[in-house]
Amino acid sequence: MKKIISLVLVVAMVLSLSVVAFAAKLGDVNGDGQVTGADALYVLQATAGMRTLTAEQKKKADYNKDGNVSAIDARMILQCVVGLLPEEELTTSTPPSIGDDDGDDSISWDDIINAGKK
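Quick caveat: nothing in here was measured; it's all calculated off a predicted structure. (Residues numbered from 1 in each chain as written. Predicted model: local features only at pLDDT ≥ 70, side-chain atom pairs only at ≥ 80, totals over all residues. Heavy atoms only, no water.)

Colleague: Requested: an account of the environment of K25, with residues and values cited.
Modeller: With respect to the helices and strands, the residue K25 is situated in strand β1 (residues 22–25). Judged by relative accessible area, K25 falls into the partly exposed class, the value being 25%. Each C-alpha atom, one on K25 and one on A61, is 9.9 Å from the other, the two residues being 36 residues apart in sequence. At a separation of 3.1 Å, a polar atom in the side chain of K25 contacts the main-chain carbonyl oxygen of G33. Within the structure, K25 has its side chain in polar contact with the side chain of E87 (distance 3.3 Å). (Helix = DSSP H or I, 4+ residues; strand = E, 2+ residues; numbered from the N terminus. Buried < 20%, exposed > 50% of the residue type's maximum accessible area, 1.4 Å probe, protein only. Polar contact = N/O pair within 3.5 Å; in protein donor to acceptor, adjacent residues only side chain to side chain.)

Colleague: Residue-level account of the packing of helix α2 (residues 37–47) against helix α4 (residues 71–81), with values.
Modeller: α4 packs onto α2 with a crossing angle of 175 degrees between their chain directions and a minimal axis gap of 8 Å. If you check the angle between α2 and α4, you find them roughly antiparallel. In contact with G37, D39, A40, V43, L44 and T47 of α2, α4 contributes A71, D73, A74, I77, L78 and V81. Here the residues of the contact of α2 with α4 sort into eight nonpolar, two polar and two charged. (Axes fitted to C-alpha atoms, helices over the stretch in contact; angles between N-to-C directions. Parallel < 35°, antiparallel > 145°, perpendicular 65-115°, else oblique. Contact = heavy atoms within 4.5 Å. Nonpolar A, V, L, I, M, F, W, Y, C, P; charged D, E, K, R; others polar.)

Colleague: Let's hear about the packing of aromatic side chains: which residues, and what values?
Modeller: Counted according to the given criterion, the structure contains zero aromatic pairs. Lying across the ring of Y42, R51 places its NZ or CZ 3.7 Å from the centre. (Phe/Tyr/Trp six-rings, centres within 6.5 Å; stacked < 30°, edge-to-face > 60°. Lys NZ or Arg CZ within 6 Å of the ring centre and 35° of its normal.)

Colleague: Could you give me a rundown of the pattern of salt bridges, with the residues and numbers involved?
Modeller: For the coordinates displayed, the defined rule picks out three salt bridges. The partner of E87 in a salt bridge is K25, with the nearest N and O atoms 3.3 Å apart. With E87 in the loop between α4 and β2 (89–92) and K25 in strand β1, this residue pair connects regions lying 62 residues apart in the sequence. The salt bridge involving K65 is made with E88; its shortest N-O contact spans 2.9 Å. Placement of K65 in the loop between α3 (55–61) and α4 and of E88 in the loop between α4 and β2 is noted, with a sequence separation of 23 residues between them. For K65, a relative accessible area of 53% gives the class exposed. With relative accessibility at 29%, the residue E88 sits in the partly exposed group. (Salt bridge = Lys/Arg side-chain N within 4 Å of Asp/Glu carboxyl O.)

This is how it looks when you write it as structure tokens:
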């Protein structure tokens, strides 16, 4: 009975996560929850070819939303840090990987069935 209740709760949680949009801060390139000079550094390193950004980081790095990550975005992030530009929320439809136990970027029945067994 406990396993059935646990399974139902996990399924309910998974279903609720799949329809919620998750907000992140535009400019928070390193994902630490804050927009700081470190995020501008990430952008400058990426534009110089010294760092590769993930797709999610590119969305957060494109502060002026022109489809390109450039030094202009780094400047705008720094302006945000000192209060010259407002912080903006970036809404994404990508849920966190809660429940993705096998690391395949999706929550499958295998993840649900094997939840908590590791």
